[in-house]
Amino acid sequence: MSLEHTAGAVTSGRPRRSTPPRSTQWRKRAEIAFFVTPALALMALFVAWPVLTAVRFSVYDWNGLGPLDDFVGFANYVDVLGDEVFTDAVVHNLVIVVGSIIVQLPLGVALALLLNRRMVGQGLLRTLIFVPYVLAEVIAGVIWFQLLQPEYGLIDAIMSGIGLTPPDEGWLGTPDVTLWVVLAVLTWKYLGLAVLLFLAGLQGVPEELYEAAQLDGASWFQTQWRVSIPLLGPTIRTWCFLSMIGSIQCFDMIWVLTGGGPADATTTMATYLVDEGTNRHNYGIAGAASVLLFAIAFVMALAYQLIVLRRDTEEEA
């Protein structure tokens, strides 16, 4: 038998890949469309449409009554960027972003490492730490508003009982300390989420690594520092992203506690646009502020994705 016949016989014996019938391809496409279309419709209704509406309002001088006929172009954006209250609100948002990460990150990692060990009452401790996160922001805000009231508030009563003097105008009425009090309340509220995510990340650390570290004579602290925390890196970076976005959009807790006061000391971009739109009926200014809030959040999220989270996606690839 010649070489050509042999090669032809071998080739003919190979199984050929059969392309799926056209009906199967269309059925898969229909299934994808069936499951994706509702999500796209909801996103278009509750995300895309409000953003486009805000962009439309931002170029008009409108008080919410009558038609949109007073076109002002970018004048509202100029007014917002020139408003000291808004620029201070941007600074307050950045303070909350940085402060939340600096405070909650070490506390969350430490508590997660502690609760990852077997101990008496482990489940109860996890529940107590996570309960504040599942409380509604309004409920948590009202609770802390009552606790921080001057004279009859529990915090002032405790401080007076141990010989300390609380601020004369109250914790929520003193401009120099109010923002830090709000940051402390936000830490209490959202620390449980950080602990929960870090505990979930620790479950993915192989036990073999801990056993190898023990065989090498590493202490518990050295094992956590050299093994657990480095492998927790992707979870930490993801939590930092969620914390950053949540801090930029912070509204509920601040609105209940201070309403942006006193003297705009706790105003954020979200409280600013709500105050301008709902209380002052400057919907053009509120629209411009909301577009700027969206742009700032989008740029920060994109920069974080390209600079920080890109490492994780490259490692997965």
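Structure shown above.
What comes next is a walk through the structure.

Here is what the cut-offs are and how they apply
Residues numbered from 1 in each chain as written. Predicted model: local features only at pLDDT ≥ 70, side-chain atom pairs only at ≥ 80, totals over all residues. Heavy atoms only, no water. Patch = residues over 30% accessible without salt bridge, like charges linked within 9 Å, V, L, I, M, F, W, Y side chains within 5 Å. Areas by Shrake-Rupley, 256 points an atom, 1.4 Å probe, with all protein chains shown as cover. Salt bridge = Lys/Arg side-chain N within 4 Å of Asp/Glu carboxyl O. Helix = DSSP H or I, 4+ residues; strand = E, 2+ residues; numbered from the N terminus. Buried < 20%, exposed > 50% of the residue type's maximum accessible area, 1.4 Å probe, protein only. Bend = angle between axes of the 7 residues up to and from the residue. Disulfide = S-S within 2.5 Å. Phe/Tyr/Trp six-rings, centres within 6.5 Å; stacked < 30°, edge-to-face > 60°. Lys NZ or Arg CZ within 6 Å of the ring centre and 35° of its normal. Core = buried A, V, L, I, M, F, W, Y, C linked by side-chain atoms within 4.5 Å. Axes fitted to C-alpha atoms, helices over the stretch in contact; angles between N-to-C directions. Parallel < 35°, antiparallel > 145°, perpendicular 65-115°, else oblique. Left-handed = near helix turned anticlockwise from the far one by under 90°. Contact = heavy atoms within 4.5 Å.

**Details of a nonpolar patch on the surface**
A contiguous nonpolar patch, built from Phe294, Phe298, Val299, Leu302, Leu306 and Ile307 and spanning about 640 Å² of accessible area, is present on the exposed surface. Residue position: Val299 is located in helix 14 (residues 283–316).

**Focus on helix 13 (residues 269–279)**
Those residues of helix 13 lying buried are Met269, Ala270, Thr271, Tyr272, Leu273, Glu276 and Gly277. Looking at the residues trailing helix 13, positive phi occurs at His281, about 60°.

**Some remarks on helix 2 (residues 22–57)**
If you look at helix 2, its biggest bend is around 40°, right at Ala44. By the burial criterion, the buried members of helix 2 are Thr24, Thr53 and Ala54.

**Digging into the state of the cysteines**
Summed over the entire model, instances satisfying the criterion amount to zero disulfides. Not part of a disulfide, Cys240 finds its nearest cysteine sulfur in Cys250, a span of 17 Å. Of the residues examined, Cys240 reaches a relative accessible area of 10% and is grouped as buried.

**Section: the packing of aromatic side chains**
In the structure shown here, the tally under the stated rule is 13 aromatic pairs. Here the aromatic rings of Phe74 and Tyr77 are separated by 5.9 Å at their centres, their planes lie at 50°, and the arrangement is tilted. For the ring pair Phe241 and Tyr304, a centre distance of 5.7 Å and an interplane angle of 35° mean the geometry is tilted. Note that Phe241 is positioned in helix 11 (residues 233–248) and Tyr304 in helix 14, a separation of 63 residues in sequence. Judged by relative accessible area, which is 14%, Tyr304 ranks as buried. Cluster of aromatic residues (ring-pair linked, three or more members): Phe57, Trp62 and Tyr283. Directly above the ring of Trp26 sits Arg29, whose terminal nitrogen or CZ lies 5.1 Å from the centroid. The lysine or arginine in question, Lys189, covers the ring of Tyr190, its NZ or CZ lying 4.9 Å from the ring centre.

**A look at the pattern of salt bridges**
This structure, assessed with the given rule, holds three salt bridges. The salt bridge involving Lys189 is made with Glu137; its shortest N-O contact spans 4.0 Å. Taken together, the positions of Lys189 in helix 8 (residues 175–202) and Glu137 in helix 6 (residues 137–147) put the pair 52 residues apart, joining distant regions of the chain. The partly exposed category is assigned to Glu137, whose relative accessible area is 25%.

**Details of the nonpolar core**
Ranked by internal contacts, the top residues of the largest apolar core, which has 40 residues, are Val80, Phe86, Phe198, Ile248 and Met269. Sorting the residues of this core by element identifies helix 3 (75–81), helix 4 (84–115), helix 8, helix 11, helix 13 and helix 14 as the ones contributing at least two each. With 10 residues, the top contributor of residues to this core is helix 14. Formed by 16 residues, the second largest nonpolar core is a distinct cluster that contains Trp144, Leu148, Val181 and Met253.

**Remarks on the packing of helix 8 against helix 11**
Two numbers describe how helix 8 lies on helix 11: the axes approach to 10 Å, and their chain directions differ by 155°. Classed by the angle they form, the pair helix 8 and helix 11 counts as roughly antiparallel. Both helix 8 and helix 11 take part in a crossing whose hand is right-handed. Contact with helix 8, carried on its side by Ala194, Leu197, Phe198 and Gly201, involves Thr235, Ile236, Trp239 and Leu242 of helix 11 and no other residues of that element.

**Brief notes about unusual backbone geometry**
The peptide bond linking Gly261 to Pro262 adopts the cis configuration, its omega dihedral lying at -5°. Looking at the element boundaries, Pro262 is found in the loop between helix 12 (252–257) and helix 13. The phi angle at Ala263 is positive, at roughly 55°, despite the residue not being glycine. Inspection of the secondary structure assignment puts Ala263 in the loop between helix 12 and helix 13. We classify Ala263 as exposed; its relative accessible area is 74%. For His281, which is not glycine, the phi torsion reads 60° and is therefore positive. Along the polypeptide, His281 turns up in the loop between helix 13 and helix 14. For His281, a relative accessible area of 40% translates into the label partly exposed.

**Looking at the environment of Trp225**
By the secondary structure assignment, Trp225 is in helix 10 (residues 220–231). The exposure class of Trp225 is exposed, given its relative accessible area of 52%. Trp225 sits 77 residues away from Leu148 along the chain, and the two C-alpha atoms are 38 Å apart.

**Remarks on the environment of Phe251**
By the element assignment, Phe251 lies in the loop between helix 11 and helix 12. Taking relative accessible area as the criterion, Phe251 reaches 22% and is therefore assigned partly exposed. Sequence-wise, Phe251 and Met269 are 18 residues apart; in three dimensions their C-alpha atoms are separated by 8.4 Å. In this structure Phe251 touches Ala270, Thr271 and Val274, once residues within four positions along its chain are discounted.

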